[in-house]
Amino acid sequence: MLVWTWLIPAVSVALLVVASGMGVGAFVAALCGVGLIGAVIAAVHHAEVVAHRVGEPFGTLVLAVAVTVIETSLILSMMIAGGDDMATLPRDTIYAAVMIICNGVVGLCVLAGGLAHHEQSFRVEGAGAGLATLIVMSSLTLVLPVFTTSTPEGTYSNTQLGFVAVTSAALWAIFVFIQTVRHRDYFIPVVEAANLSEHAEPPTSREAWISLGLLLVCLTAVVGLAKTLSPTIEHAVAVAGAPRAVVGIVIAMLVLLPEAWAAARAARADRLQTSMNLAIGSALASIGLTIPVVVVAAIAFGLPLVLGLGPKDLALLAVTFLVSSVTLGSGRTHMMQGAVHLVIFAACLFLAMVP
C-alpha cells in the first residue's frame, strides 16, 4: 500500500483534532482546507480499491452508503444542537444533494465523457428505475408538504412523517435489492471498457478490508473538516451578503466531493455506467437513509422539521427531473446534455445567491 494512502487520512484526522482543540483561525482554516482536499483524494482511491475487489455495482454502493451515513450523522447532531434554528437543515441538505448530484455530478460526468469519447452509453433499465424512484421519494419528501393541510405549510404531522419515513426506506431497500441481486445486470455495462484497471489483478481481501477502514476514516475526516470549516464559510457568506441557504449548499458540496470526483474519473475512463450508478445511488441514499433517521429523531426529541420547498426551488426541481428524464431515457449521452445539466446547476447556485 502506497504511503500517501494511509498518511493523508492520518494527517486529516490530526488536523480535525487540532482544529477542535485550538479553534479555527485563518492559518488553521487553510490547513483544514488542504486536509479536506487530501482526504477526498484518498477516499476516492480507497473506494476504487474496494470497488475493484467486489465489482460493480457493489463498489459504487459502498461509497454512496458510507458518505450518506456520515452525512446523516452530521445533520442529526446539528439538529439536536441547533433546535428551532435547524428546522430546515434536512430539507436544505437533501435538496442541495439532489441538485448537486442530478445536475452538477451528472452534468460534469456527461460533459467530461463527451469531450473525451464523443458519445458514451449506459444501461437505461437501471438508470430509469433509479430516476423514477428518486422522483417519487423527492416528491413525498420535498414537494407534498407544501400542499398538505393537516399542519402549517411546509410541514408534516407525525403520522405523515412516519408514512414518508417508511416509504422512503422501503423504496431505497427495494432499489438496492434490484441493483445488487435481482437485476444486477441492469447496472453493469453491456460491453466492459477495455482498460488496464479492469484487467488488473484485483486486490486481496486483506487489502480491500484495509481500504474499507481507511475509506471510513477519510469520509469521517471529510465530514468533520467540513463541519469545522462551516462557521468560517458561514461568516464569509454573511460578509458577502448571501442568503443563509448558501451555507448548506457549500457544506453539501464539500461532503459530496468524494463521490463527484470518483464519478468524474470513471466518466473520463469511459465507464459512464459506474458514474451513473454512483450518482443515482447517492441521490437515493441521501433520502432513503436520511429521512427515516431524521423523522425518528424529530418525533423522539420533539424537534421542529420543515420539509416543503419554496416556489423557486420547486420549479428548479421539476426542471431537473424533466431534463434528467431526457438525458437518461436513451442510454447514450454526449456533451450537449452535460452542458444543459451544468447550466441548471449554475442557475441553482446563482438563484441561491441572488434569490
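Cut-offs and rules
- Residues numbered from 1 in each chain as written.
- Predicted model: local features only at pLDDT ≥ 70, side-chain atom pairs only at ≥ 80, totals over all residues.
- Heavy atoms only, no water.
- Helix = DSSP H or I, 4+ residues; strand = E, 2+ residues; numbered from the N terminus.
- Rg over C-alpha atoms; globule rule 2.2 N^0.38 Å.
- Buried < 20%, exposed > 50% of the residue type's maximum accessible area, 1.4 Å probe, protein only.
- Axes fitted to C-alpha atoms, helices over the stretch in contact; angles between N-to-C directions.
- Parallel < 35°, antiparallel > 145°, perpendicular 65-115°, else oblique.
- Left-handed = near helix turned anticlockwise from the far one by under 90°.
- Nonpolar A, V, L, I, M, F, W, Y, C, P; charged D, E, K, R; others polar.
- pLDDT = per-residue confidence, 0-100.
- Contact = heavy atoms within 4.5 Å.
- Core = buried A, V, L, I, M, F, W, Y, C linked by side-chain atoms within 4.5 Å.
- Disulfide = S-S within 2.5 Å.

**With respect to the overall build of the protein chain**
Part 1 of the argument: Looking only at helices and strands, one finds 14 helices and two strands in the protein chain.
Part 2 of the argument: Over its C-alpha trace the protein chain gives a radius of gyration of 20 Å, about what one expects of a compact globule, namely 20 Å for 355 residues.
Part 3 of the argument: Counting only C-alpha atoms, the protein chain reaches 55 × 50 × 35 Å along its principal axes.
Part 4 of the argument: Each of the 355 residues in the protein chain was classed as buried or not, and the buried ones make up 52%.

**Remarks on the packing of helix α4 (residues 89-117) against helix α14 (residues 335-353)**
Part 1 of the argument: Put simply, α4 and α14 touch, their axes get as near as 7 Å, and they point 150° apart. Our classification of the angle between α4 and α14 gives roughly antiparallel. In the crossing of α4 with α14, the sense of the turn from one axis to the other is left-handed.
Part 2 of the argument: Here the contact of α4 with α14 is composed, by residue class, of 14 nonpolar, seven polar and no charged.

**Regarding the environment of E48**
Part 1 of the argument: Considering the arrangement of structural elements, one finds E48 in helix α2 (residues 26-54).
Part 2 of the argument: Assessed through its relative accessible area of 28%, E48 is described here as partly exposed.
Part 3 of the argument: Separated by 34 residues in the primary sequence, E48 and A14 place their C-alpha atoms 24 Å from one another.

**Section: the confidence of the model for the protein chain**
Part 1 of the argument: Summary statistics for the protein chain give a mean pLDDT of 85 and a share of 94% for residues scoring 70 or more.
Part 2 of the argument: By mean pLDDT, helix α7 (residues 196-199) is the weakest element of the protein chain at 44, and helix α13 (residues 311-327) is the strongest at 95.

**Concerning the packing of α13 against α14**
Part 1 of the argument: Where α13 contacts α14, the two axes come as close as 11 Å, and the packing angle between them is 170°. When the axes of α13 and α14 are compared, the pair comes out roughly antiparallel. When α13 is examined against α14, the residues K312, L316, V319, T320, V323, S324, V326 and T327 are found in contact with a partner set consisting of Q337, V340, H341, I344, C348 and L351.

**Observations regarding the nonpolar core**
Part 1 of the argument: Core analysis: the biggest nonpolar cluster contains 104 residues, and M79, Y95, V98, L134 and L317 have the highest contact counts within it.
Part 2 of the argument: The contacts of L317, once residues within four sequence positions are left out, are Y95, V98, M99, V143 and L309.

**Structural notes on the side chain of T5**
Part 1 of the argument: Residue placement: T5 occurs in helix α1 (residues 3-22).
Part 2 of the argument: Under the relative-accessibility criterion, T5 is labelled buried at 1%.
Part 3 of the argument: For T5, the contacting residues outside a window of four places in its chain are H45, H46 and L214.

**Points about the state of the cysteines**
Part 1 of the argument: A complete count under the given rule lists zero disulfides for this structure.
Part 2 of the argument: With no disulfide of its own, C102 lies closest to C348 among cysteine sulfurs, the gap being 11 Å.
Part 3 of the argument: Not part of a disulfide, C218 finds its nearest cysteine sulfur in C32, a span of 15 Å.
Part 4 of the argument: Overall, the relative accessible area of 0% leaves C218 in the buried class.

**Topic: unusual backbone geometry**
Part 1 of the argument: Phi is positive for H118, which is not a glycine, with a value near 70°.
Part 2 of the argument: Using a relative accessible area of 64% as the deciding quantity, one classes H118 as exposed.
Part 3 of the argument: You will see that D270, though not glycine, has its phi angle at about 65°, which is positive.
Part 4 of the argument: By secondary structure assignment, the location of D270 is in the loop between α10 (257-268) and α11 (272-288).

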